[in-house]
Every structure is written in structure tokens, then in C-alpha cells.
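This is what each chain is made of:
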Amino acid sequence: MARLDLADVGHSYVPDAAEERWALKPLRLTFEDARTYALVGPSGCGKSTLLGILSGLVTPSRGRVLFDGADVTDLPTKARNIAQVFQFPVIYRSMTVYDNLAFPLRCRRWDRARIDAKVRQVAEALDLGGRLRQQARRLTADDKQLISLGRGLVRDDVAALLMDEPLTTIDPQLKFTLRRKIREITEQFRPTVIYVTHDQYEAMSFAQELLVMDGGRVVQQGTPEQLFEAPSSTYVGWFIGSPPMNFLTVEHAREGLSLGGRPLAAAWDAPQVTARPQVGIRPEYVRIVTEPGANTFPARLRGVQDHGAQRVLEVDLAGQPVRAKVPREDGVPGVEEFLVHLPRTKILPYVDGRLATLP
Amino acid sequence: MPRLYPAFKYTVIALWACFVAGPFMWAATTSFKDANAVQGGATYLPWLQYEPTATGWRNIFGGSGGVDVLGPFLNSALVTVAASAISLVLGSLAAYGLSRFRYRAGFVKNSDIVFFFVSQRIMPPVVLVVPFFYLLQVAGLLDTVPGLVIVTVALLLPIAVWVMVDFFNGIPREIDEMAMLDGCNPLTAFTRAILPNSLPGLTVAAMFCAVFGWNDFFFAFRLTFTEIQTLPQAIVALNSSIPPWWTLSAAALFGISPLVLLAIWVERYLSKGNLSGAIR
Amino acid sequence: MTLHATGLSLAADGVDHLKEVTATFRPGRLHTVIGRTLAGKTTLLRVLAGLQRVDSGSLTRDGADFLRTPVWRRDTAMVYQQFINYPHLDVRDNVAFPLRRAGLAREEIERRVEQSLARVGLAEFKERRPSQLSGGQQQRVAIARALAREASILLFDEPFANLDYKLREQLREEFKTLFSDQGDAVVIYTTTDPAEAMMLGDVVLVMHEGRIVQAGAPHEVFDRPATTTVARIVNDPPMNVFPGRIDGDLITVAGLPAGGVPGHLAGLADGAYQFGLRATDVGLAQSGVEGEVTFVEISGSETFVHAVAGQTPFVMQIEGIHDVALGEQVFMRLRPERLFAFDEEGALVRSPACETVLAGGR
């Protein structure tokens, strides 16, 4: 497996378009060896273009693509030594499971004993060991998708494994098991994986690092935990997490910030800007309290969503909507007006939709 | 090596094109020749190798020494259009039923019924012609346009059913269900929700019907005699002991022209993307 | 208008799709039917719509037989899991289709189409064909068509299951407002997602293997699941269920050292039980039950950690997104005060105390 570098790579499907309109704005990225990455974002965000550039389907309008330092920008897909898994399983229906897995190795003229050993090793990992003689067309959709994956894993020389929404056509009930299986296998074989999906759950459960894309840019790269705790923009705060992050417009006060006329203490210094800053806080960290104290604000209950083990309280705080996620056993406030506590260390500053200073 | 491949590819394509276009070239040039030019060996370039005349073409439209193909042309057109239309209506109704409902009579299931339809085209036509002759005779329809239409419907219906069953199977059943939930009975669900989505399938089926109906010679030859004649019959009738090749060529080209026009029209329709992608 | 089903059964190829289903669906209420895939939810909707026959049982509408009423006279609208619209019609005609079939006046059709498209936020897409819309928009068209009809029965078969989660989150929140003023319509909504069932439903019906295994107000079903099966279905991740014993005032669970019986289980007879504990009531701790992490999932804003202690698998739900490595050794804290006790057959014996609720419940 290899380390992949994109040096100043950008792409426009329309020639001579202004850079602002490129499908992928020029960027610099490194995918480290043996790590798993997920590209997430809505349709049209540029994730498919990025994947196409890595696979060789798209020649970038600008920049170089390096695999382990070697320039592969002008090489076609088959010269790049990548394995791909697509939305729809790609299998040879008439062949057995064994022949499907052995096929790429036979094409490379490996000797029989070596093929046999490798196929059995991979089949074992895929839990297909007992079904090697079965016709591939008789398998269920998720097993077929495992074979598509397995055909990438049998080759020793693969630079990277690219997966393009591999769970889209899988029945919801089977998704969980297949996702788990793919995760286990990647832990075992440790390939460099780039996984494209529009499903945030899938991305966060699968990858060590996420690249959130929007409008042809990578708006944030980080571990799921980093994206959750410190979204780089209000967009990421909305996109990651359910319910989304709360954003409240605050005022500059004599010392620091204020919210609804009361001081708001934070773990950072107020951003020195003239624009009105916003603060972001996750619904998980908003607390309903009875005792007044620092960072407590009077609030009114507007609605309750019962999610089962949790409730989402829709609250009106100084005229702004805030959601609080509370455990079921905490109940619902029995009075119309109550206090909401915004923990000092969990508040983040945003200016013009971007995270202002990291605490 | 990589440079040789395109050369090889285009050579093969060019050879094949000549093979396909050759007979047309031959017919086209011959239709503008007179008797002397035809006897004078293979020549292809008008004015240079032979003097073109329009005798052959004049002959087929009632000129002296020829025949009138307009009458047979109209007969053929009438039979083809009527039989295709009837086949499409009956065929899509039958196909819809076969696609949406399950029938079972003993071991006979839906797929067997579809195969039964298609199997009629597997039999050699000779097997069918005697019973057809007898049936038309009993009904007094021998040598009539309605008689020929009925026989042609019997020939075209299997094609229509076969094409449409496959097409209807590709339309999600939920669309019929939704139409019924939206207040349609099964028949209006078919006419208002399914048929409008079936234009591509109907076009393909109609084309097959038109081609097979137009080109039929055998049944027309055996089931009509003096009163009516179809175009293929009229063309073959020209083929006497010393065939007037120029007239024959002109008639043949005239005979295939409607199909060529149809093919061009359908091809345009296809390339506009109207056929594919209507569903999803 | 009330729909009443009695003993509906349907079997095919030796599988019970519906088994003795008896239920009452009342006007002006939103009923959610929750169950796993193939539990019979879709079959139930199809039977109510008249798209599928049953082997036995009866279905009445305001006391009159409804089983023999043909589909097109049932005044029923349905939204499918797949985005089903008429491909040959644009958005406006798609919504107008049932209204034209019903023979409404032109102006009335125009008014309802405008109104319902505005409500689902598609007013600007009237001229588009379904194939030119995104999945979420296509499903909005289907919802608009159901809305415009003002039908007396509205069926939704996992309408948001095929959408990605931000959209699901958004449409789910809109849904309740959209259908809150459908007057006397019977609304039935199927889902596999407990949060969705709880959030939307006035009444929750739990289905399993073709049967309705429990029905009631959301908090009743959630706080007092009748069986271990229900407990698993109405919790996501499914409730942890493991064997245990009560001997006097000592309790043993999952082969762990005995502890004191928590207050709410006091007075239970000695013997073997199955105990249940929600994923939210098992947490990571500095000490406690030792287990090995087998899988980690992230769902929205929660981390689900799957771990095995001895032979017993546990799943924990932890707020926020956390990085937990597979194979890591962790300590789990089980909260005894939150234990559900079921008998050996799986029927509920005792549930933990319910919290104080502002409205409804105790």
C-alpha cells in the first residue's frame, strides 16, 4: 500500500472556467499509508471528482498526483494499481467464489500454489471460506459486495483501495453487518482506503479520518471526534451530529461577550471583530438547571421530541432557538420558564460562519 | 502495435460496409440502366460507363411494358398498418395481463404462455398456411384485404406480446398500484399510468410489426390470387424468364423505401434519448 | 372514521406475513408501526390499502366491511419507501393526477396543487419531471400528492429510509407539522427506527414475525416493553438482554459477581430471570465489568461501543463522538437501578421507575 499525494490538484469539467467555478478547487492533500479516509458531502460537492482523479478516470486540469512519490498524473486506471469497489457489486456471475477471487491473480500469472494460499487467506477473512465452490450469482447482494472487495485485497501490489458508496444498494438490515465486516477486514489488511459516501454515520463509523467537502473544497479534515468537538465552520457543525450544533448570535460587551443582556463566559478571548459573532454549542452539552450561576440563561420550552432514551428539548433562549438533548430519566421541565446552562468549555466562537479561534 | 490496431479496426469496418451497401449500389445503378447497359457487364458509374435512363422507374408507375406497383403498395400499406395497429392493441393488453397477473393452469404458468406466443414464430410458415387457407375459405375471406389482415395479425401478435411483456416487466408495479390508490380502476390505470410510460416499448414493437408485416411474401402469395396483390408479390411477379432487371431494381428500391424512412425516423427518436431513460 | 382489523392472517411459502393481527386505527391519530425488516409492516399497509388479499380475518371501516372494497374506492393515499411517482408527468401533474381522477373542479385542483407543493417546499419545481429531482425532492412530490388528496387514510411505508441522514432528520421534523392538521384522517407510518416511532407516533404498534406484539402510547411501550423482543425492537441499539438470578437479596447478572438487589426489583421471587439494560445505561468507567471492544459505530451524535465480557455481548451508547480502538480492554459500569426484569420466557416482570413526565404518563 502506498501514500498518496495531491499537489496543487484542481479540476474543471468546463475548459477556461474561472477558478471559483471549478468542480474541485486546487488543493494539497496527503493520504497516509495504511490509513482509512472518508470523503463526505452532499452531491455535487466534488467528492466524486476527487475520487476520479485518484483512480485515473479524471485527468486533473492542474497539479500532480503522486503515489509513493511517483508521478501517476498521466497514467490510466489500469497502470495505477488501485482496487475499486463500486455501488453495484462487480463480479463474474458464471464463476465460483474461488475463481472470482483468483481471477486478478491468474491475470498476473501467479503460480497456482501461491494463488491458492492467497485466495484462501482472503476468503477466510471475508467469511466466505466455506462457500468457495458456490456460484457467485447465487450469493446475496452483501456477499457479492464482499467479493468485489476481496478481489482488491488478494493483490499484494495494490496502492490504494477506493470505495465509492459501496453500501448504497445494500438492504438496511445487512448494512450494519457489511459495514462491520469491511471495517474488520481493513483493520486486518491495513490498506490505504479512500471511501466516498454521502452518509455521515457510515463515514464516521468506518474511517479514521474524514474529509468534509462542500462546493469543491475540503472544508475540514479530521478524526470524527475532532469534527464533532470543533467544527471548522457552521456548515460542518450542522452537517456532523444529530441534532445539529446550535448557533447563537451574541453581542460584544464591555468584557467579553453577552447573550440576551447577560455575560457569557468562554474559554477563549472574544474575537476582535466588528461583525456580530456567533457561538456554537452541541445540544448534548446544553443543560437544564435549577440554580442560577455563571453562564445560565432564562429559557422557555417550545417543544419536545421524544427519541426514546433521549429527548430533544426545543428551547427559546433570548429569542433564539436552542436544542438541548437530555437523557430520558431527567424528564421534561415541569415549569414554563427555567434556566439553561451553557458550559464555558463547550462554547466555540464563529465569525462569518467560520471558527474564529481555537480554545 | 497500438498504431496498427485502429487501422485494422477501420479496414474491417470498411469491408463490412461495402458488403452491406453493395447490393443497394447494384440495385440503384441497375434501376437507371436500359437493356443494353444491363447486358454490357458490371458497370457502376453513370454517364461515364453507361447512359442513365428512367425507364425502370417509369415502368413501375404504370409505364408501357411494366406493371403498376401503386395498387399493391397501397394494399401492403393497408395490411401492414391495420395488422400492426390491431397487434399492438391486443398485444399490449395481453402483455400487460401476463406481466401483472399470475395465471396457472396445471403446469402452465405465465412464462409458458409467453413462450407459447413466441413459439408460433418458431414453426415453419408452411405448417400454418394450410390451416389458414382452410379457415379463410370457410369464412369467405380468401383473396381479400380483411383476410390478409387477420392472418398478418396472427403473425405479428407474438412479436408484440413478447416485446411488451419484457417492457412492462421493467415498469415498477408500484406505479399501477399507486394509480389505483389514486382512483383508477385497473383499465384506467393501464391507459393513464402505464401506457404513457410505454412509448419506447410501443415504438420498438411497432417497428418490428411494420418490418415483418411489410416484408411478408409467403402468406400473401398463398392466400391471395387475383383480387388483391401485395407489393412483394407484385415485385416477384416481375421475375419472368427474361427478367427486366431495371424495372425489378426500381420496384425493389421503391418497396424498401418506407422501411428506410421508418428506420431513419426511429433512429432520430432514439438518439434524442426519448426511448431510453423514460423510466428512471 | 375508524379502521378496525380483526385476526388478519396471511401466509405464503410457509412464512407468516401477518398472523392474527388485531388493531384499531383511530381518526386524527398518527400510528407508527415499528418492527425489523420483514416483520410484516409493509404487508399490513398493503392489506389496509387493498393491494393484497388476506387468508382470513376481517377489516371494517366504521363497522362496515372494508376488505371487499376495491383499491380505487378506499380513499387511501400511500407513500412508498422507493420514490414512486409517475415518470411521464411533471411535478404539477403528478400531484394533480388523483385530483383529476376524483373529478374535482379545475380551480380546486389548482388551489390544492399549489398549496401542497408549497407546504413541502417544491413550489419552484412544478415544471420538472421526477427524474430531474433528487431523491429527497422525489419523496416530497409523493408526500405532496398524498397531502393534496385529503384522503381519509394515509399510509407511509418507511418513507425516509432511503434518504441520507441529514435529510431524514429534516423531513422527520417537518412530517409532524405537515400531518398535524389532516383532521380526521387515519395516519399510519411504518419504520425500523425507534426514535422515529417515538417522536412521530401518538400510538406505537410493535410488530414481530407478522404479529402485533405490543401497542400503546409511545412512553408505555418504551418504558414497559412487554417482552424482551419488544425491548430489543424499540431500542436502538437494541436493549442488552442477559441471563441472571435473584437469590434473596443478592442478584447475579451475566456471570458477574453478585450484588445487592436494587430497590425496584425488591420482592421478586428467587430464581432465574432475563435482565435487560438499555445501551444508555451501560457506560465506560475506570473500574467495573471488564470487556473487550469488538466494534464501534457512530450514529449522529452518539458512539455505540460493542464489547464482550466473558461470553456476554454488551452495547453501550455514549454521548458525543469518541475514538475507541477495536480490541481495547475497557471497564463497563452497569446501572443496577435501571435493570428490567423478564421471566425466563421473556415476559416483563418488573421495570425500573419511570421518570417524572410533564404531560402524559405517570
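Everything numeric here is computed off the predicted structure, so don't read it as measured data. (Residues numbered from 1 in each chain as written. Chains lettered and ligands numbered in written order. Predicted model: local features only at pLDDT ≥ 70, side-chain atom pairs only at ≥ 80, totals over all residues.)

1. A closer look at the overall build of chain A
(1) Moving on: Across its full length, chain A carries 8 helices and 22 strands.
(2) Moving on: The principal-axis extents of the C-alpha atoms in chain A amount to approximately 75 × 50 × 30 Å.
(3) Moving on: Within chain A, the fraction of its 359 residues that count as buried is 42%.
(4) Moving on: Excluding contacts between residues fewer than 6 apart, the proportion of contacts in chain A whose partners are at least 24 apart in sequence is 66%. (Helix = DSSP H or I, 4+ residues; strand = E, 2+ residues; numbered from the N terminus. Buried ≥ 20, exposed ≤ 12 C-beta atoms within 10 Å, placed from the backbone. Contact = placed C-beta atoms within 7 Å.)

2. Thoughts on the interface of chain A and chain C
(1) Moving on: Each side of the interface is counted separately: chain A has 34 residues, and chain C has 35 residues.
(2) Moving on: Elements with a contribution of two residues or more to the side of chain A that touches chain C: helix H5 (172-189), helix H6 (200-206), helix H7 (224-229) and strand S17 (296-306) of chain A.
(3) Moving on: Class assignment for the residues of the side of chain A that touches chain C results in 10 nonpolar, 13 polar and 11 charged. (Nonpolar A, V, L, I, M, F, W, Y, C, P; charged D, E, K, R; others polar.)

3. A short note on the interface of chain C and chain B
(1) Moving on: Listed by partner, the interface residues are 18 residues for chain C and 17 residues for chain B.
(2) Moving on: Elements supplying a minimum of two residues to the side of chain C that touches chain B: strand S6 (76-79) and helix H2 (91-101) of chain C.
(3) Moving on: Considering only residue class, the side of chain C that touches chain B consists of 13 nonpolar, 4 polar and 1 charged.

4. Remarks on the domain arrangement of chain A
Residue and element names in this part refer to chain A.
(1) Moving on: As assigned here, chain A comprises domain 1 (4-238) and domain 2 (248-355).
(2) Moving on: Here the C-alpha centroids of domain 1 and domain 2 sit 40 Å apart.
(3) Moving on: The partner domain 2 presents 6 residues to the 7 residues of domain 1 that form the contact. (Domains from an automatic or database assignment.)

5. What about the nonpolar core?
(1) Moving on: Within the largest apolar cluster, 134 residues are counted, with the highest numbers of intra-cluster contacts made by B:Ala160, B:Met164, C:Leu48, C:Ala144, C:Leu154, C:Leu155 and C:Val206.
(2) Moving on: In terms of residue count, the dominant contributor to this core is helix H7 (residues 145-169) of chain B (17 residues).
(3) Moving on: Counting residues in each nonpolar core, the second largest holds 72 residues, with A:Leu51, A:Ala136, A:Ala160 and A:Leu211 among its members. (Core = buried A, V, L, I, M, F, W, Y, C linked by C-beta atoms within 7 Å.)

6. Section: H2(C)
Residue and element names in this part refer to chain C.
(1) Moving on: Of all the 11 residues making up H2, 8 are buried; the element is thus mostly covered by neighbouring parts of the structure.
(2) Moving on: By the burial criterion, the buried members of H2 are Val 91, Arg 92, Asn 94, Val 95, Ala 96, Phe 97, Pro 98 and Leu 99.
(3) Moving on: At the exit of H2 stands Gly 103, carrying a positive phi of roughly 70°.

7. A word on the pairing of strand S16 (residues 289-299) of chain C
On any regular strand, side chains alternate: one points to one face of the sheet, the next to the other face.
Residue and element names in this part refer to chain C.
(1) Moving on: Strand direction decides the pairing type here: S16 and strand S19 (residues 329-334), joined by 4 bridges, are antiparallel. In the sheet register, Glu 292 faces S19, and the bridge partner there is Gln 329.
(2) Moving on: Sheet topology places S16 next to strand S17 (residues 302-309); 7 bridges connect them, and they run antiparallel. Counted as the bridge partner of Phe 295 is His 306 from S17.
(3) Moving on: Hairpin connection of S16 to S17: 2 residues between the antiparallel strands, including Gly 300 at a positive phi of 65°. (Pairing = 2+ DSSP bridges.)

8. Examining the packing of H7(B) against helix H10 (residues 199-215) of chain B
Residues and elements named next belong to chain B.
(1) Moving on: Packing of H7 against H10 leaves a shortest axis separation of 9 Å and a crossing angle of 155°. Taken together, H7 and H10 sit at an angle that is classed as roughly antiparallel. In the crossing of H7 with H10, the sense of the turn from one axis to the other is right-handed. In this structure, H7 contributes Thr 152, Leu 155, Leu 156, Ile 159, Ala 160, Val 163, Met 164 and Phe 167 to the contact, and H10 contributes Gly 201, Val 204, Ala 205, Phe 208, Cys 209, Phe 212 and Gly 213.
(2) Moving on: Here the contact of H7 with H10 is composed, by residue class, of 12 nonpolar, 3 polar and no charged. (Axes fitted to C-alpha atoms, helices over the stretch in contact; angles between N-to-C directions. Parallel < 35°, antiparallel > 145°, perpendicular 65-115°, else oblique. Left-handed = near helix turned anticlockwise from the far one by under 90°.)

9. Quick word on helix H8 (residues 173-181) of chain B
(1) Moving on: Among the residues of H8(B), B:Asp176, B:Glu177, B:Met178, B:Ala179, B:Met180 and B:Leu181 are the ones counted as buried.
(2) Moving on: The secondary structure elements touched by the buried residues of H8(B) are helix H4 (70-100) and helix H9 (186-194) of chain B together with helix H1 (41-49) and S6 of chain C.
(3) Moving on: Where H8(B) ends, the next residue or the one after it, B:Gly183, has phi of about 105°, a positive value.

10. Section: the sheet that holds strand S18 (residues 312-319) of chain C
Note: strands within a sheet are paired through backbone hydrogen bonds, in either parallel or antiparallel orientation.
Residue and element names in this part refer to chain C.
(1) Moving on: Overall, antiparallel pairing links the 5 strands, which are arranged S15-S19-S16-S17-S18 in an open sheet. Each edge of the open sheet carries a strand with a single partner, namely strand S15 (282-285) and S18. Taken pair by pair, the neighbouring strands of this sheet meet at an average axis angle of 50°, ignoring direction.
(2) Moving on: The pairing of S15 with S19 spans 4 bridges and is classified as antiparallel. Paired with Val 282 across the strands is Leu 334, a residue of S19.

11. Here's the deal with the domain arrangement of chain C
Residues and elements named next belong to chain C.
(1) Moving on: According to the domain assignment, chain C contains domain 1 (3-228) and domain 2 (240-350).
(2) Moving on: Between the C-alpha centres of domain 1 and domain 2 there is a distance of 37 Å.
(3) Moving on: Listed by partner, the interface residues are 6 residues for domain 1 and 8 residues for domain 2.
(4) Moving on: Across the side of domain 1 that touches domain 2, the residue classes tally to 3 nonpolar, 2 polar and 1 charged.

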